[in-house]
Amino acid sequence: MTKATRGSLLSIEPLGAAEILGLLSIARRMNPLKARPLLRGRRVLLLFYEPSTRTRSSFEIAAQSLGAMTTLVLSSGSSIEKGESLLDTGYTLRAVGADVLVIRHPHAGAPLLMAKHLDIPVINAGDGMHEHPSQALLDAYTILQHKKTLKGLQVAIVGDIYHSRVARSAIHLLSKFGARITLCGPPELVPELAANLASGLQITRTAEEAVHGADVVTVLRVQKERLAGMKISLQDYIARYQITIARLKLAKRDAILMHPGPIIRGLELTSEVADCPQSAIVEEVRNGVPVRMAILAKALGKAG
Ligand code: CP
């Protein structure tokens with residue numbers, strides 16, 4: 001972390017295992033209903049250039065639970081629509097008193113650019129196809145509520161991995177702890193080069209092989225519009241890759257089913273899978289609050 005980006009959370013890739021475990025440990029001490037007002041008087045600016053439900057609401061609730069003031073700026077309805085640049089928007093939000101900036105942007109590197117030019121911590125809430133670090137942290141937090149360790153865990157990630165910043169952050173995080181990861185999907189969504197993301201990654205083109213014996217099955221959203229431009233039809237995708245109860249049964253009996261959301265029932269997974277006892281989807285959303293409380297408290301030097 002350079003001086004210019006100190007306190008920022010821009011990606012999982014450069015973090016050490018100790019730093020990740022440290023954040024998870026802070027998160028375990030966070031209770032949104034009984035939080036100390038560690039951030040009283042601090043201003044958290046949420047700048048979202050893309051739609052969000054989970055990330056946006058949980059960062060806002062996390063900040064407010066810690067006593068901070070929050071302001072939400074969306075690209076629609078703000079001066080971004082009038083053509084204001086990313087950096088000028090950042091300078092403006094700093095000038096009105098932001099102490100920390102949480103940003104989601106369609107372009108990879110937008111949070112890093114802000115962090116290099118602003119003298120406040122910047123938190124990446126998802127940038128293009130690059131990373132979504134807070135999602136990877138809350139997913140690790142969720143897995144560790146069910147499993148003793150990440151080391152040696154067999155994790156299947158099924159769906160659109162190529163376009164997924166969630167997948168990239170998850171792969172970086174899980175690899176640091178010795179998880180065994182299998183990626184699964186059609187070549188357009190899981191190209192062979194995905195194996196370069198980390199050592200020991202496996203790629204398979206059959207959902208059955210990916211899920212067989214898995215401890216964790218992570219399903220990623222698949223956009224119908226993307227399938228429209230590919231060789232595989234929607235019906236073929238569903239037939240070959242949709243996670244169904246029959247396929248989930250191939251995983252270990254105590255496997256958990258994860259999805260970062262938003263879920264598209266009937267496409268990448270069935271409704272029965274989304275709502276089954278093994279599904280940790282709602283837990284993931286819930287865990288977003290303490291994990292993001294930890295991220296904000298650490299960014300502002302109040303994590304103890
Ligand atoms: N997982 C996730 O980032 O969801 P949102 O797009 O709703 O924030």
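Residues numbered from 1 in each chain as written. Predicted model: local features only at pLDDT ≥ 70, side-chain atom pairs only at ≥ 80, totals over all residues. Heavy atoms only, no water.

Student: Before we move on, could you go through the sheet that holds strand β7 (residues 202-204) and cite the residues and values that matter?
Tutor: Read across the open sheet, the five strands follow the order β7-β6-β5-β8-β9; overall the sheet is parallel. In the strand order of this sheet, the two ends are held by β7 and β9 (256-258), each with one partner. Ignoring which end each strand starts from, the neighbouring axes of this sheet average 20 degrees apart. Of the strand pairs in this sheet, strand β6 (residues 180-184) and β7 are connected by three bridges, and their pairing is parallel. Bridging across to β7, T182 finds its partner in Q202. (Pairing = 2+ DSSP bridges. Helix = DSSP H or I, 4+ residues; strand = E, 2+ residues; numbered from the N terminus. Axes fitted to C-alpha atoms, helices over the stretch in contact; angles between N-to-C directions.)

Student: Any chance you could break down the domain arrangement of the protein chain for me, citing the residues and the numbers?
Tutor: Reports often express the size of an interface as the amount of accessible area lost when the parts come together. In terms of domain boundaries, the protein chain breaks down into domain 1 (17-131 + 288-299) and domain 2 (147-279). Computed over C-alpha atoms, the centres of domain 1 and domain 2 are 28 Å apart. Contacts between domain 1 and domain 2 engage 13 residues on the former and 12 residues on the latter. Both faces considered, domain 1 and domain 2 share a buried interface measuring about 1000 Å² in area, 60% of it formed by carbon and sulfur atoms. Counting across the interface, domain 1 meets domain 2 through one salt bridge. Linking E50 and R165 is a salt bridge whose minimum nitrogen-to-oxygen distance equals 2.9 Å. At the boundary of domain 1 with domain 2, the tally comes to four residue pairs in polar contact (both at pLDDT 80 or more). At the level of elements, α1 (17-28), β3 (100-105) and β4 (122-127) are the ones that each hand at least two residues to the side of domain 1 that touches domain 2. Residue composition of the side of domain 1 that touches domain 2, grouped by class: four nonpolar, four polar and five charged. (Domains from an automatic or database assignment. Contact = heavy atoms within 4.5 Å. Buried area = accessible area lost by both parts, 1.4 Å probe. Salt bridge = Lys/Arg side-chain N within 4 Å of Asp/Glu carboxyl O. Polar contact = N/O pair within 3.5 Å; in protein donor to acceptor, adjacent residues only side chain to side chain. Nonpolar A, V, L, I, M, F, W, Y, C, P; charged D, E, K, R; others polar.)

Student: Tell me what's going on with the layout of surface pockets, and back it up with residues and numbers.
Tutor: What the largest pocket holds in volume is close to 600 Å³. Along the walls of the largest pocket sit 24 residues, with R104, R165, R221, G261 and P262 positioned nearest its centre. Counted by class, the lining of the largest pocket contains seven nonpolar, 10 polar and seven charged residues. A domain split of the lining of the largest pocket shows at least three residues from each of domain 1 (17-131 + 288-299) and domain 2 (147-279). (1 Å grid on protein atoms, 1.4 Å probe; cavity = no way out; pocket = protein on both sides within 12 Å on 5 of 7 lines; lining within 4 Å. Points joined across faces, edges and corners; volume = space filled by probe spheres on them.)

Student: An account of the nonpolar core is requested, with residue identities and associated values reported.
Tutor: Ranked by internal contacts, the top residues of the largest apolar core, which has 89 residues, are L137 and L296. At nine residues, helix α12 (residues 281-299) tops the list of elements feeding residues into this core. Formed jointly, this core draws a minimum of three residues from each of two domains, domain 1 (17-131 + 288-299) and domain 2 (147-279). If we ignore the near neighbours within four places in the chain, the residues touching L296 are L39, V44, F59, A62, A63, V100, V102 and I123. In terms of nonpolar packing, the next biggest core, distinct from the first, is built from 18 residues, L47, Y49, L93 and A98 among them. (Core = buried A, V, L, I, M, F, W, Y, C linked by side-chain atoms within 4.5 Å. Buried < 20%, exposed > 50% of the residue type's maximum accessible area, 1.4 Å probe, protein only.)

Student: Give me the lowdown on the pattern of salt bridges, citing residues and values where you can.
Tutor: This structure, assessed with the given rule, holds nine salt bridges. Note that D160 and R226 form a salt bridge whose closest N and O atoms lie 3.4 Å from each other. Highlighted residues: D160 in the loop between β5 (154-158) and α6 (165-176) and R226 in helix α8 (residues 224-228), separated in sequence by 66 residues. Accessibility expressed as a relative area gives 3% for D160, which makes it buried. Given a relative accessible area of 31%, R226 falls into the partly exposed group.

Student: Talk me through helix α3 (residues 86-95); I want residue IDs and the actual numbers.
Tutor: Among the residues making up α3, those that are buried are L86, L87, T89, G90 and L93. Here the buried residues of α3 occupy an arc of 160 degrees about the axis, which is enough to place them on one side. Looking at the buried residues of α3, the elements they touch are β1 (43-48), β2 (69-74), β3 and α4 (110-117). Of the residues flanking the end of α3, it is G97, one or two places downstream, whose phi is positive at about 120 degrees. (Arc of directions from axis to C-beta.)

Student: Mind laying out empty space enclosed by the protein, listing which residues take part and the relevant values?
Tutor: Any empty space left between the atoms is revealed when a probe the size of a water molecule rolls over them. According to the stated counting rule, one finds two cavities of 30 Å³ or more in the structure shown. Looking at the largest cavity, its volume works out to about 120 Å³. Lining the largest cavity are 17 residues, and of these D139, I143, A170, L174 and T218 lie nearest its centre. For the lining of the largest cavity, the elements supplying multiple residues, two or more each, are α5 (133-146), β5, α6 and β8 (216-219). Considered class by class, the residues forming the lining of the largest cavity number 14 nonpolar, one polar and two charged. What lines the second largest cavity is R54, S58, Q135, L138, H259, P260, E284, V285, G288 and R292. Elements supplying a minimum of two residues to the lining of the second largest cavity: α2 (54-65), α5 and α12. The greatest single-element share of the lining of the second largest cavity, amounting to four residues, is contributed by α12. For the lining of the second largest cavity, the per-class residue count stands at three nonpolar, four polar and three charged.

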